[in-house]
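Next come the chains, spelled out residue by residue.
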Amino acid sequence: MIPMRSDIEAVLRGFLRDAKKIAILAIGNILRGDDAAGVVVGERIKGLVDADVYVCETAPESYVVRILDRGYTHVIIVDSALADLPPGTIFIVDKNSMIEGLLTTHSIPLGIIIGLMEQCGARTLIIGIRPKMIGLLEGLSEEVRRAVDMLSETLIRVIGEKR
């Protein structure tokens, strides 16, 4: 868990230190409340970062071939993620201990997508935002909205330092 802005920034800086070409996969379902967090981050930063931002919504698997073909060295995945943390907590998801089905509801497990990208030489980082509510409703809870704001600002700032 990495809830503090300075900690997230430090992790991102370390991850991106030798980045040549960056992709961001923004994942989520806009009709399921806080599950939209990744999508909202993607929409906010698109065009403001020196990275290709793919707003994947619920189908990150649709972007795998594009990611592999374009030779990205670093891929950041932003998604809502379940964890034993307070709602709105931003944390780095340990991809080695992901339990598919509990973490994500996407049709191809995120672990397989990450494995493919890493086999092709891309480094990956998953940033999760702990949702408060993920029922059939639109809009973000206040806790998740604040986390989305903070993460968007952080990504813009840290990726901007790479220029």
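First, a word on scope: everything that follows refers to the structure included in this document. Everything quoted here is computed from the prediction, not taken from an experiment. (Residues numbered from 1 in each chain as written. Predicted model: local features only at pLDDT ≥ 70, side-chain atom pairs only at ≥ 80, totals over all residues. Heavy atoms only, no water.)

## Looking at helix H4 (residues 110–119)
- Taken together, the buried positions of H4 are Leu110, Ile113, Ile114 and Met117. Along the axis of H4, the buried residues cluster in a sector spanning 95°; they form a single face.
- Glycine 121, located one to two residues past H4, shows a positive phi value of around 95°. (Buried < 20%, exposed > 50% of the residue type's maximum accessible area, 1.4 Å probe, protein only. Helix = DSSP H or I, 4+ residues; strand = E, 2+ residues; numbered from the N terminus. Arc of directions from axis to C-beta.)

## Structural notes on the pairing of strand S3 (residues 74–80)
- Within S3, seven of the seven residues are buried, leaving the element largely enclosed by the surrounding structure.
- Residues His74, Ile76, Val78 and Ser80 of S3 are buried on one face, and the alternating residues Val75, Ile77 and Asp79, pointing to the opposite face, are buried as well.
- Relative to strand S5 (residues 123–129), S3 runs parallel, the two sharing seven bridges. Opposite histidine 74, over in S5, you have arginine 123 as the bridge partner. (Pairing = 2+ DSSP bridges.)

## Considering the side chain of aspartate 35
- Assignment of secondary structure puts aspartate 35 in the loop between strand S1 (22–27) and helix H2 (37–45).
- At 4.8 Å, arginine 32 is the nearest oppositely charged side chain to aspartate 35, a buried residue that forms no salt bridge.
- Of note is the side chain of aspartate 35, whose polar atom sits 3.0 Å from the backbone nitrogen of asparagine 29.
- Other than its neighbours up to four places away in sequence, aspartate 35 contacts Ile27, Gly28, Asn29, Asp79, Ser80, Met133 and Ile134. (Lys, Arg positive; Asp, Glu negative; His and termini not counted. Salt bridge = Lys/Arg side-chain N within 4 Å of Asp/Glu carboxyl O. Polar contact = N/O pair within 3.5 Å; in protein donor to acceptor, adjacent residues only side chain to side chain. Contact = heavy atoms within 4.5 Å.)

## What about the pattern of salt bridges?
- Summed over all chains, the structure comprises 10 salt bridges.
- Between arginine 13 and glutamate 9 there is a salt bridge, with the nearest N and O atoms lying 3.4 Å from each other. Within this pair, arginine 13 and its partner glutamate 9 are both found in helix H1 (residues 5–16), separated by four residues, close to a single helical turn.
- Among the ionic contacts, a cluster of salt bridges with common partners joins Arg44, Glu142, Arg145, Arg146 and Asp149.

## With respect to the nonpolar core
- Counting 33 residues, the largest nonpolar core has Ile24, Ile76, Ile127, Ile129, Leu151 and Leu155 as its most contacted members.
- Mapped by element, the contributors of at least two residues to this core are H1, S1, H2, strand S2 (52–57), S3, strand S4 (90–93), S5 and helix H5 (142–160).
- For this core, the leading source of residues is H5, giving eight residues.
- Membership of the second largest hydrophobic core comes to 21 residues, among which are Cys56, Tyr72, Met117 and Ile126. (Core = buried A, V, L, I, M, F, W, Y, C linked by side-chain atoms within 4.5 Å.)

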